[in-house]
Amino acid sequence: MKNNELNNFKFNKKYGQNFIFDTNLLCAIVKDSKINKNDEVLEIGTGAGTLTLQISKVAKKVISYEIDKNLKDFLLEKFQKIHNVEIVFQDALKADLNEIEDKFNEKYHIIANLPYYITTPLIFKFLESQKVASLTVMVQKEVAQRMVANIGTKDYGILSVMLAFYSDVNITRIVNRKIFYPVPNVDSAVVHIAKKPTPCDEKLFSKVVHASFSMRRKTILNNLSSSLKLDKQTVSSWLEKCNISSDKRAEQLVLEDFVNLCKSYFDINS
Ligand code: SAH
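Some remarks on the overall build of the protein
Working step 1: The helix and strand inventory of the protein stands at twelve helices and nine strands.
Working step 2: Projected onto its principal axes, the C-alpha coordinates of the protein cover approximately 65 × 40 × 30 Å.
Working step 3: By the burial criterion, 49% of the 270 residues in the protein qualify as buried.
Working step 4: Residue pairs at least 24 apart in sequence account for 65% of intrachain contacts in the protein once pairs closer than 6 positions are excluded.
Working step 5: Only carbon and sulfur atoms are counted for the fraction: they give 47% of the accessible area of the protein, which is about 13700 Å².
Working step 6: Charged side chains in the protein number 38 positive and 31 negative. The centres of these two groups are separated by 4 Å.

Okay, here's the thing in structure tokens:
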């Protein structure tokens, strides 16, 4: 390993520990995030602090969460003299969102080489927060492909629709598994998610999208009526209002279709 100080460290598979020591890649991730010296950053998964250090050179401050207390002594020593870095030894998934966000004075940016076993819940926890301006995350390549997928492809699904609703999302680079230590079983990709204003009620949107995709092979008519407990006649006229034919499946609907369904939801319920 290139980082001698970590020589005795026992990597914990359970925590998705695959570290990056390649400075070129670390700098490229920070560049992809488009942050500058006025920005505050949340990192999830400090690891050996290699990405943390590169972020701290560009950002105003970095708050980094790490679940593994075995890294505590090493990290506290490493960042002792770097005053714009704070490391919090807590589970970022379980930590209260308000408590995390109280540490930021303004809208903040997320940069992380995410622990893959909790990629999706972590993305949703922060994507839905008003205070998050952008997320630049390293994820498994297959997940990245689902995040950016367009209609008509096999990867198109809930994740693609939800990300398109909240953000402009792009894969900025594909990363070969060999650059990680230890080497994982999959290749990765960096995804940049730039938040944008949402076109309709967010909770309702999520409810409608999840209901629509609840049974992949069922029609939109059947899924909406069974998941939202509405009779078929009501759903039929709701779909007609939105110019969506009842025999379509959720994977054949674009973002605008789901937004239209939300905008007319209260008409059908009144
Ligand atoms: N950022 C480092 C480490 C990435 S590996 C690098 O790029 O090299 C992912 C890191 O997330 C590991 O250090 C792991 O211990 C940590 N982690 C896993 N689950 C976590 C959780 N729920 N909350 C905070 N950190 C977590």
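Considerations on the site of the ligand
Working step 1: The ligand sits among 22 residues. The nearest are Q17, I20, G45, E66 and D91.
Working step 2: Take G45: an N or O atom from its main chain is 2.8 Å from a nitrogen atom of the ligand.
Working step 3: Take G47: an N or O atom from its main chain is 3.3 Å from an oxygen atom of the ligand.
Working step 4: Its free accessible area being 570 Å², the ligand has 100% of it covered by the protein chains.
Working step 5: Among the cavities detected, the one that contains the ligand is the largest cavity.
Working step 6: Class assignment of the residues belonging to the shell around the ligand gives a composition of nine nonpolar, nine polar and four charged.

What to know about unusual backbone geometry
Working step 1: Looking along the chain, the bond that leaves Y181 and enters P182 is cis, with omega of -10°.
Working step 2: Within the secondary structure layout, P182 lies in the loop between β8 (180-181) and β9 (188-195).
Working step 3: Although it is not a glycine, K34 adopts a positive phi angle of roughly 60°.
Working step 4: One can find K34 in the loop between α1 (23-33) and β2 (40-44).
Working step 5: Although it is not a glycine, N243 adopts a positive phi angle of roughly 55°.
Working step 6: Inspection of the secondary structure assignment puts N243 in the loop between α10 (232-241) and α11 (255-263).

Describing the sheet that holds strand β6 (residues 132-140)
Working step 1: Taken together, seven strands build an open sheet; the order of strands is β4-β3-β2-β5-β6-β9-β7 and the sheet is mixed. Here the strands that pair on one side only, and so sit at the sheet edges, are β4 (85-88) and β7 (167-175). The mean inter-strand angle of the sheet, taken between neighbouring strand axes irrespective of direction, is 15°.
Working step 2: With four bridges connecting them, strand β3 (residues 61-65) and β4 associate as parallel partners. For Y65, the partnering residue across the bridge sits in β4 and is V88.
Working step 3: Its contacts with the sheet place helix α7 (residues 158-166) against β7 and β9, and it is angled at close to 120° to β7.

Notes on the layout of surface pockets
Working step 1: Taken as a whole, the largest pocket encloses approximately 230 Å³ of empty space.
Working step 2: Along the walls of the largest pocket sit 13 residues, with K13, N18, V183, P184 and N185 positioned nearest its centre.
Working step 3: Residue composition of the lining of the largest pocket, grouped by class: six nonpolar, six polar and one charged.

Quick look at the pairing of β9
Working step 1: Among the eight residues that make up β9, six are buried, leaving the element largely enclosed by the rest of the structure.
Working step 2: Alignment of β6 against β9, held across seven bridges, turns out to be antiparallel. Across the sheet, residue V139 finds its bridge partner in β9, namely A189.

With respect to α1
Working step 1: Among all positions in α1, only L25, L26, A28, I29, V30, D32 and S33 are buried.
Working step 2: Taken together, the buried residues of α1 touch β1 (19-20), α2 (50-58), β5 (108-113), β6, β7 and β9.
Working step 3: The backbone nitrogen of N24 has a side-chain oxygen 3.1 Å away, supplied by the residue at the start of α1, namely D22.

A closer look at the domain arrangement of the protein
Working step 1: Considered domain by domain, the protein is made up of domain 1 (3-195) and domain 2 (202-268).
Working step 2: Placing a centre on the C-alpha atoms of domain 1 and another on those of domain 2 gives a separation of 34 Å.
Working step 3: Where domain 1 meets domain 2, there are zero salt bridges.
Working step 4: Here domain 1 is connected to domain 2 by two residue pairs in polar contact (both at pLDDT 80 or more).
Working step 5: The residue makeup of the side of domain 1 that touches domain 2, split by class, is eight nonpolar, three polar and two charged.

Rules used in this analysis
- Residues numbered from 1 in each chain as written.
- Predicted model: local features only at pLDDT ≥ 70, side-chain atom pairs only at ≥ 80, totals over all residues.
- Heavy atoms only, no water.
- Helix = DSSP H or I, 4+ residues; strand = E, 2+ residues; numbered from the N terminus.
- Buried < 20%, exposed > 50% of the residue type's maximum accessible area, 1.4 Å probe, protein only.
- Contact = heavy atoms within 4.5 Å.
- Areas by Shrake-Rupley, 256 points an atom, 1.4 Å probe, with all protein chains shown as cover.
- Lys, Arg positive; Asp, Glu negative; His and termini not counted.
- Charge placed at Lys NZ, Arg CZ, Asp CG, Glu CD.
- Near = heavy atom within 4 Å.
- Polar contact = N/O pair within 3.5 Å; in protein donor to acceptor, adjacent residues only side chain to side chain.
- 1 Å grid on protein atoms, 1.4 Å probe; cavity = no way out; pocket = protein on both sides within 12 Å on 5 of 7 lines; lining within 4 Å.
- Sits in = over half its atoms within 2 Å of the grid points.
- Nonpolar A, V, L, I, M, F, W, Y, C, P; charged D, E, K, R; others polar.
- Pairing = 2+ DSSP bridges.
- Axes fitted to C-alpha atoms, helices over the stretch in contact; angles between N-to-C directions.
- Points joined across faces, edges and corners; volume = space filled by probe spheres on them.
- Domains from an automatic or database assignment.
- Salt bridge = Lys/Arg side-chain N within 4 Å of Asp/Glu carboxyl O.

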